[in-house]
Amino acid sequence: MLLKVDNIHVYYGAIHAIKGISFEVNEGETVALIGANGAGKSTTLKTISGLMHPKSGTIQFLDKDVSHTDAYRLVAQGLAHVPEGRHIFLQMTVQENLEMGAFTSKGDINAAMDKVFQYFPRLKERRKQIGGTLSGGEQQMLAMGRALMISPKLMMLDEPSMGLAPILVEQIFDIIRELRDAGTTILLVEQNAGMALDIADRAYVLETGRITLSGTGSELAQSDEVKKAYLGG
Amino acid sequence: MAFLSNFINGLSLGSIYAIIALGYTMVYGIAKMLNFAHGDVIMVGAYVSFVSIYSLGTPPILALLISMCVCTVLGVVIERLAYRPLRSAASLAVLITAIGVSYLLQNVALLIWTSNTKVFPSIVSFGSLHIGSLTITGETIVSIITCVVIMIGLTLFTTKAKTGKAMRAVSENRQAAELMGISVNKTISVTFAIGSALAAVAGVLYCSMYPVLVPTTGSIPGIKAFTAAVLGGIGSIPGTLVGGLLLGIIEIFSRAYISQDLSDAIVFAVLIIILLVKPNGLLGKKVTEKV
C-alpha cells in the first residue's frame, strides 16, 4: 500500500478539524476526497504532506510511519503536494519554478523538464516569463508541472479547478486523466464533485472532519446522498 | 578636488554600510526578522582580527579569514539558539530577543577585552594613490572593490546557484519552498552564515578606516547600515547597495560642508523624508497581503 491514513485527529489550536479519519491509496490509483468547504479536505492533505502533524493516529507512506516527518523530507521520498491556491513562486521565472520542483532530484533536470513540457506545452513557450505574469490556468499548470519534476510516487492535488473558467477546468482535468493513464498515483481534493468522481477510481466523502461515505467513483456518483449534497440534484 | 575626494570617501564609507546592510536585508528577506545583533557581530569580527594580528601574529589576510570563520559560526549559533525556538512566536518577541543578543555580545566583549580602546591596525598594506592633488587611501580603494565583488558574487549566487535560488524561494513563500523539499531551517542557517561572514569583512574594513575598537564599536555602523537597508528597500539586494552608497555620501558631505556634529542628524532626517515619500524604500517592492 502506498499511503495508509489510520484514525488521525488533527487540531488547529483548540479547533478539532479532523476527527479520526482513515483511508488508503494504492499504487496506480486515483482517489478523490470530496466534501463541502471546511470539511477538512485541505487539512487532510497538509497533514499527509507534513505541513501539519496529527495529534493522534498514524500516516504510513511507502510502509513507513511519516506522521511526524517534516514536509521537506517527504518530498525526497516521492510525495508531491500541489497546494490549494497554487503557491507558485511569483517572482521567479517558469523555468526557475520548475527547477525548484526538482530541488531534491538527483536525476537529469532537463529530461524531467522536457517531460513536463509534453504535458504542458504552454509552459515551454513561457519558460522565461515571471510566474506572477501568468494567467490563473497557467499558474495551475506550473504548480502541477513543478510537482511532476520529481516523478512523484504520489501526487496530491488540492482544488486544481479552483477559480478557473470552465474551459480551463476541462483542460486541467484532461491532463489529470492523462497523468492517471500514465500510471501516476493521484490523491485529488475537489469541491467540483462531479468532475472528481468521474475521474476517480475510488472516492471518500468528508463532512466536518469525518468520512461519511466511500466507494468507487461511479458508485458515489449514483448515490442519492452524494447527488443531493454535492451534485446539485 | 575636495568635492571629488569627499565623494570617493562617501562611496567608500557607503560600500561598508552596504556590506553590513546585506546582512540585515538577507535575514529580513528570508527569516522575516530584524536581527539587531548584526552590528555586534561586526565588533566581534574586528576583535578577532585584532587578536589574531597582535597576539597570534598572523598576516592581515589570514586574520580576516579567521574572523570570517568565527563570525560565520557565531551567526549560525545565535540563530540556532536564540531565534529558531521563536520561529512561530510573535515578531515582537523575536525583536526583543535580538536586542538581548546584542547586549549579550557587547557585554561578553567587555569581559574579554575590557572597555579600553584598542587601536586597530589597518589590514591594507599598500599606501595611498595620488592623482594630481587627489589622494585616495588604500582602505578606500579596498572597501569599494570589496563591495563591488560581494554584490556581484551575491547576485550570481542568488540567480545561478541552487542554494541561492532556494533562498529566494524561501523568502517569497516559505510553505511552497518546503513543499519543494527545501529545508527552511537550513536555508535560514545559510543566510545567517553568509550575513555574518560579510559582517566580519565589514568590521575589519570599518576599523581599518576608523581604527577605534571598543565593545560598542558595532552599534553605530550597525544602526546606519540598518538605515541604509530600509532606505534602499529592505529585502532587496540592489536596494541595499543604493541605500548604503547614498547614506555614505550624504554622511561625508554633511560632515564636510554642513556640520561635523549634525551629520548623523542629517542622515536620519533624509531617511525620514525618503520614507514619507516612498514607504517601501527606494527599490523596495510593494508588499501586498494576499487573502
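Residues numbered from 1 in each chain as written. Chains lettered and ligands numbered in written order. Predicted model: local features only at pLDDT ≥ 70, side-chain atom pairs only at ≥ 80, totals over all residues. Heavy atoms only, no water.

The partner chain B presents 19 residues to the 22 residues of chain A that form the contact. Between chain A and chain B, a total of about 2000 Å² is buried, with carbon and sulfur atoms accounting for 62% of that surface. Of all residues in chain A, Y72, F89 and F103 of chain A give up the largest surface area on contact with chain B, accounting jointly for 31% of the area buried on that side. Counting across the chain A and chain B interface gives two salt bridges. A salt bridge links E96 of chain A to R168 of chain B; the shortest N-O distance between them is 3.0 Å. Summed over the shared surface of chain A and chain B, the result is six residue pairs in polar contact (both at pLDDT 80 or more). The biggest single contributor to the side of chain A that touches chain B is helix α3 (residues 94-101) of chain A, with four residues. Its residues assigned to classes, the side of chain A that touches chain B comprises eleven nonpolar, seven polar and four charged. (Contact = heavy atoms within 4.5 Å. Buried area = accessible area lost by both parts, 1.4 Å probe. Salt bridge = Lys/Arg side-chain N within 4 Å of Asp/Glu carboxyl O. Polar contact = N/O pair within 3.5 Å; in protein donor to acceptor, adjacent residues only side chain to side chain. Helix = DSSP H or I, 4+ residues; strand = E, 2+ residues; numbered from the N terminus. Nonpolar A, V, L, I, M, F, W, Y, C, P; charged D, E, K, R; others polar.)

In this section: the layout of surface pockets. Residues and elements named next belong to chain B. Taken as a whole, the second largest pocket encloses approximately 400 Å³ of empty space. Among the elements of the structure, α7 (174-179) and α8 (184-209) are those that each provide at least two residues to the lining of the second largest pocket. Per element, the largest residue contribution to the lining of the second largest pocket is three residues, and it comes from α7. Class assignment for the residues of the lining of the second largest pocket results in three nonpolar, six polar and five charged. (1 Å grid on protein atoms, 1.4 Å probe; cavity = no way out; pocket = protein on both sides within 12 Å on 5 of 7 lines; lining within 4 Å. Points joined across faces, edges and corners; volume = space filled by probe spheres on them.)

Before going further, it helps to spend a moment on the packing of aromatic side chains. Residue and element names in this part refer to chain B. This model, assessed by the stated rule, comprises nine aromatic pairs over all chains. Geometrically, the ring pair formed by F36 and F226 is edge-to-face, given 5.1 Å between the ring centres and 65 degrees between the ring planes. Here F36 is found in the loop between α1 (2-31) and α2 (38-54), whereas its partner F226 is found in helix α9 (residues 219-232), with 190 residues between them in sequence. Since its relative accessible area comes to 23%, F36 is described here as partly exposed. Between F253 and Y257, the ring centres sit 5.6 Å apart and the planes meet at 20 degrees, which makes this aromatic pair stacked. On the criterion of helical spacing, the pair formed by F253 and Y257 is a turn pair, its members being four residues apart in helix α10 (residues 237-258). Judged by its relative accessible area of 16%, F253 is buried. Three or more aromatic residues joined by ring pairs make a cluster, and in this case those are F3, F253 and Y257. (Phe/Tyr/Trp six-rings, centres within 6.5 Å; stacked < 30°, edge-to-face > 60°. Buried < 20%, exposed > 50% of the residue type's maximum accessible area, 1.4 Å probe, protein only.)

A few words on the pattern of salt bridges. Scanning the entire structure with this criterion turns up 14 salt bridges over all chains. Note that R180 of chain A and D181 of chain A form a salt bridge whose closest N and O atoms lie 3.2 Å from each other. Among the residues examined, D181 of chain A registers a relative accessible area of 58% and is labelled exposed. Residue E251 of chain B pairs with K224 of chain B through a salt bridge whose shortest N-O separation is 3.4 Å. In this pair, E251 of chain B is assigned in helix α10 and K224 of chain B in helix α9, connecting sequence segments 27 residues apart. Residue classification places E251 of chain B among the buried positions, given a relative accessible area of 2%. Beyond isolated ion pairs, a larger network of salt bridges with shared partners links K224, E251, R255 and D264 of chain B.

Formed by 82 residues in total, the largest nonpolar core has its most connected members in F89 of chain A together with M33, Y83, F120 and I182 of chain B. In terms of residue count, the dominant contributor to this core is α1 of chain B (13 residues). Residues within four places of I182 of chain B in sequence aside, it is in contact with Y72, M100 and F103 of chain A together with A166, A169, V170, A177 and T187 of chain B. Counting 47 residues, the second largest nonpolar core, distinct from the first, contains V82, I88, V169 and A196 of chain A. (Core = buried A, V, L, I, M, F, W, Y, C linked by side-chain atoms within 4.5 Å.)

Take the packing of α2 of chain B against helix α4 (residues 91-113) of chain B next. Packed helices, taken two at a time, are described by their axes: the angle between them and the distance between them. Residue and element names in this part refer to chain B. Remark: α2 packs on α4, axes separated minimally by 9 Å, with the N-to-C direction vectors making an angle of 20 degrees. On the basis of their axis angle, the class for α2 and α4 is roughly parallel. The chirality of how α2 crosses α4 is left-handed. Residue-level inspection shows D40, V41, M43, Y47 and V51 of α2 in contact with α4, the latter providing S102, L105, Q106, A109 and W113. (Axes fitted to C-alpha atoms, helices over the stretch in contact; angles between N-to-C directions. Parallel < 35°, antiparallel > 145°, perpendicular 65-115°, else oblique. Left-handed = near helix turned anticlockwise from the far one by under 90°.)

What follows is about the pairing of strand β1 (residues 3-12) of chain A. All names here are of chain A. Strand direction decides the pairing type here: β1 and strand β2 (residues 15-25), joined by eight bridges, are antiparallel. Looking across to β2, one finds that Y11 is bridged to H16. Two strands pair when backbone bridges link them, and β1 and strand β4 (residues 56-61) are joined in this way by five bridges, in the antiparallel orientation. Along β4, the bridge assignment pairs H9 with S56. (Pairing = 2+ DSSP bridges.)

Take it as geometry only, folks, not as evidence of what the structure does.
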